[in-house]
Amino acid sequence: MTKPCIICVAITGSLPKKADNPAVPISVAEQVESTQEAFEAGATIMHAHVRNDDETPTSDPEKFARLVEGVQKHCPGMIVQLSTGGRSGAGQTRGGMLSLAPDMASLSVGSNNFPTRVYENPPDLVDWLAAEMKTYNVKPEIEAFDLSHILKAAEMNKDGRIPGKLYVQFVMGVKNAMPADKEVFDYYIKTMQRVAPEGEWCAAGIGRHQIEINEWAIAAGGHTRTGLEDNIRIDRSTLAPSNAALVKRAVDLCEKYERPVASFAQAREILGLRAA
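A short tour of the structure in this document, coming up.

Conventions adopted
Residues numbered from 1 in each chain as written. Predicted model: local features only at pLDDT ≥ 70, side-chain atom pairs only at ≥ 80, totals over all residues. Heavy atoms only, no water. Phe/Tyr/Trp six-rings, centres within 6.5 Å; stacked < 30°, edge-to-face > 60°. Helix = DSSP H or I, 4+ residues; strand = E, 2+ residues; numbered from the N terminus. Buried < 20%, exposed > 50% of the residue type's maximum accessible area, 1.4 Å probe, protein only. Contact = heavy atoms within 4.5 Å. Axes fitted to C-alpha atoms, helices over the stretch in contact; angles between N-to-C directions. Parallel < 35°, antiparallel > 145°, perpendicular 65-115°, else oblique. Left-handed = near helix turned anticlockwise from the far one by under 90°. Nonpolar A, V, L, I, M, F, W, Y, C, P; charged D, E, K, R; others polar.

1. Digging into the packing of aromatic side chains
For the coordinates displayed, the defined rule picks out 9 aromatic pairs. On the numbers, 6.0 Å between centres and 85° between planes, the contact of Phe170 with Phe185 is edge-to-face. Of this pair, Phe170 sits in strand E10 (residues 167-172) while Phe185 sits in helix H5 (residues 182-195), and the two are 15 residues apart along the sequence. Considering the side-chain rings of Phe185 and Trp216, the 5.4 Å spacing of their centres and the 55° angle between planes classify their relative orientation as tilted. Within this pair, whereas Phe185 is found in helix H5, its partner Trp216 is found in helix H6 (residues 210-219), the two being separated by 31 residues in sequence. With relative accessibility at 15%, the residue Trp216 sits in the buried group.

Here it is as structure tokens:
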């Protein structure tokens, strides 16, 4: 298989803290440094959240602006993807950073259960976030926590609310949402081939499922995501020393399945993004 594999690194997220793993980057400076290491290891998309000094999540556009500036300076060409996830704010505050016009932003198009709460993505907010991304030429990465999210994204792609080539990420292993189930994973791929044959897909596994989903995705010809947001361990007894170490595991799987790791230029071409 010669199709290049795009590796996304989710560097921080909203939940992991230093007490869980000291390698989790919290400050903007730490995030830039960790991203640069991951970029040099083979990641070409950086998926970013920002935190307050007390490690709580925020959607502060100023923090996002400093992070984007740092990554663009130290990782030239890397695709910057900002999170509009619901743990960092409510309502339209979740999209307050989209005016920064990053290359990409995450977009959840439906609601689902999370470990301790409902992840709410009401239709009016989904449409507003999609419209803001369209206004600022930001490519959405669809976060699919359920089959219905793939179908909704395809609908929005066809009616123009999500323009261009659809990019969908299967998120599996979140407690109370879709488990890491291989038959479901295979059906997700078939669904993408049916409803968005020109689209691209990626997959992310949470916790111990990270490496498993990495392997499924790479073996099946898709793209994949890794990083300390989703998983803080190398194995049950060993904390991951860095985001770069988790990226290296994905790179090793690409070698196992004879998949070239996409360069940032290849990743931009595959996703239909502007050249760096």
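2. Some details on the side chain of Asn243
Relative to the elements of secondary structure, Asn243 occurs in helix H7 (residues 243-256). The residues touching Asn243, leaving out its near neighbours within four places in the chain, are Val9, Ala10, Ile11, Pro25, Ser34, Ala38, Gly227 and Leu228.

3. Notes on the packing of helix H4 (residues 147-158) against H5
A pair of packed helices is characterised by two quantities: the angle between their axes and the separation of those axes. Where H4 contacts H5, the axes come no closer than 10 Å and their chain directions differ by 15°. In terms of orientation, H4 lies roughly parallel with respect to H5. Crossing of H4 over H5 shows right-handed handedness. Residues Leu147, Ile150, Leu151, Ala154 and Lys158 of H4 lie in contact with H5, whose contacting residues are Tyr187, Tyr188, Thr191, Met192, Arg194 and Val195. Per-class residue counts for the contact of H4 with H5 are 8 nonpolar, 1 polar and 2 charged.

4. Regarding the packing of helix H1 (residues 28-41) against H7
Close contact between H1 and H7 brings their axes to 8 Å; oriented N to C, the two are set at 20°. One finds that H1 runs roughly parallel with respect to H7. The crossing of H1 and H7 is right-handed. From H1, Ser34, Glu37, Ala38 and Ala41 reach across to H7, where they touch Asn243, Ala244, Val247 and Val251.

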